[in-house]
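# Architecture at a glance
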Amino acid sequence: MNTQTLQALSSLNQSTNFSDDTDLETNFSWENAKEVVNQLLSKNTGKHLTDLEAKILQDAWQGKTYYEMAEKYGYSPEYLNKDVGNKLWKKLSNCLPEKVTKSNFKEALKRAKKSLNTAQVATQEKTSSPVSKITFPEGSVPLYSPFYLQREQIELLSYATIMKPGSLLRIKAPKLMGKTSLITRILAEATNQKYQAVYLNLGSVDRGILTNLDKFLRWLCLKTSKQLNLSNHLNEYWDTDILGSNDNCTGYFEEYLLAEINAPLVLALDEVDRLFPHTEVIEDFFGMLRSWHEKGKMSQLWQKLRLIIAHSTEIYIPLDINQSPFNAGIPIELNEFNEQQVNSLIRLHGLNWHHHQIKQIMAVIGGHPYLLRLTIYYLSSAEIELEQILSEASDESGIYNHHLRGQMLALKQVPELAEAFKIVVNANEPVELDSLKIYKLHSLGLVQRKGNQVVPRCRLYRDYFRRVLS
């Protein structure tokens, strides 16, 4: 057994409490087994169980067949057996000094846990606690972070969608709710399946490119080519004398990009709402994406393409119902964490909070993923108590001050939006606004919609903006 495996098993010895081999035989549960597997995979491969692997492992633990799993998850038995199951058993075999199969994996994992009792394991360096690894939350959650919280069936639905030829996945959520973190894991799953994966963030594109359809589509083709490690042949395929920009872009994908690769391509477009204000671009571009999705229903070549579109809120410019990608494909909406998920997130960080503490936090910041991670970071540092965090929450001296000032700066750039939000935070009931203001406030993550009306997303926003906008 290699050093990394021994260290992983040593870490497990700290996190599960089995006093002896007899306790192990009677108390070794599915959750213990899952923890063993994730630690082994993390140390040996730098990865954890995928959602689908975890489902298969759990069902195998319960004695279910691949046919029963297939009916449950919508895959073929052959795919679950040969493409997922066999690969999983092989991974575990590479982590342990024995061959692991569906029929013996329980005992193999027990033996792995028992090996912690050997003198050799006792001499290994102990893994530091999860709390000591908590870093300041910046941007999306890294792919291999142990602190990413899965949202029940969302990941599984997303993974299943991109496996379908010509599929379209639409991810919608306000800023800082986890869209990019989810996309990162979808693309990782695509790569695990030997698919090609391309990620393009429209939030980083120059405005001069976004406002010119031809430049934007050339940018799209060039960036996709580079991530696929293909040469730039735009000048050979772009015929501006006869064809329009959409035709040129479609031709480049059809005749070159999709033709050159020998695997499905998952193309993820993040922050597409950056295009929404540019009416000179959105109708043609989104119409083209819809046409690509429709081509996938008829053309074997276009079935290679699987699209992911992520945006902060609904598009507020009307599009032809037959040309819009926003009424096609599979929709995914990321909401705030509920109380159970907040509790899971906290325990994922190695912390043990009481129920009333969770209630106190959620009363101020709700289930906002970013604000929760920020709170967890400061509390884990042991430099500040929960009572102080909550009492100073909306103050300039509080831990949320940088985030709140950033939101305030965004509002001040659009005075009429600040005035609208002032009405919202000063009202004691939901407020009705025009659709454009609702769109912009929701995109910033400042409000929750209640039918055609809105309320502040959380008490933190109400208290802070009621003070600074007065």
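If you're wondering where the values come from, they're calculated on a predicted model, not measured in any experiment.

## Overview of the side chain of D59
Tracing the sequence through the fold places D59 in helix 4 (residues 51-61). Residues in contact with D59, not counting those within four places in the same chain, are K64, M69, K72 and Y73.

## Some remarks on the packing of aromatic side chains
Under the counting rule described, the total for this entry stands at 19 aromatic pairs. Centre to centre, the rings of F136 and Y377 are 5.3 Å apart; their planes meet at 85°, and the pair counts as edge-to-face. With a gap of 241 residues between them, F136 in the loop between helix 8 (119-122) and helix 9 (154-162) and Y377 in helix 18 (residues 369-380) connect regions that are remote in the sequence. With 5.2 Å between their ring centres and 65° between their planes, Y252 and Y256 make a pair best called edge-to-face. Pair noted here: Y252 and Y256 are both in helix 14 (residues 245-260), with a separation of 4 residues, about one helical turn. Y256 shares its class with Y252; the two are buried. The structure contains a cluster of three or more aromatic residues connected by ring pairs, namely F216, W219, F276, F285, F286 and Y439. Taking NZ or CZ as reference, K106 lies 4.8 Å from the ring centre of W61, over its face.

## Structural notes on the environment of K47
Summarising the element assignment, K47 is placed in the loop between helix 3 (30-45) and helix 4. For K47, a relative accessible area of 32% corresponds to the partly exposed category. Sequence-wise, K47 and P146 are 99 residues apart; in three dimensions their C-alpha atoms are separated by 9.7 Å. Those residues in contact with K47 that lie beyond four places of it in its chain are N38, L41, S42, Y144 and N192.

## Some words on helix 6 (residues 77-95)
Over its 19 residues, helix 6 runs 26 Å from end to end, which matches the ideal 27 Å to within 8%, given 1.5 Å per residue. Of all the bends in helix 6, the greatest measures close to 35° and is centred on G85. Restricting attention to buried positions, one finds in helix 6 the residues Y79, L80, V84, G85, L88, W89, L92, S93 and C95.

Basis of the calculations
Residues numbered from 1 in each chain as written. Predicted model: local features only at pLDDT ≥ 70, side-chain atom pairs only at ≥ 80, totals over all residues. Heavy atoms only, no water. Helix = DSSP H or I, 4+ residues; strand = E, 2+ residues; numbered from the N terminus. Contact = heavy atoms within 4.5 Å. Phe/Tyr/Trp six-rings, centres within 6.5 Å; stacked < 30°, edge-to-face > 60°. Buried < 20%, exposed > 50% of the residue type's maximum accessible area, 1.4 Å probe, protein only. Lys NZ or Arg CZ within 6 Å of the ring centre and 35° of its normal. Expected span 1.5 Å × (residues − 1). Bend = angle between axes of the 7 residues up to and from the residue.

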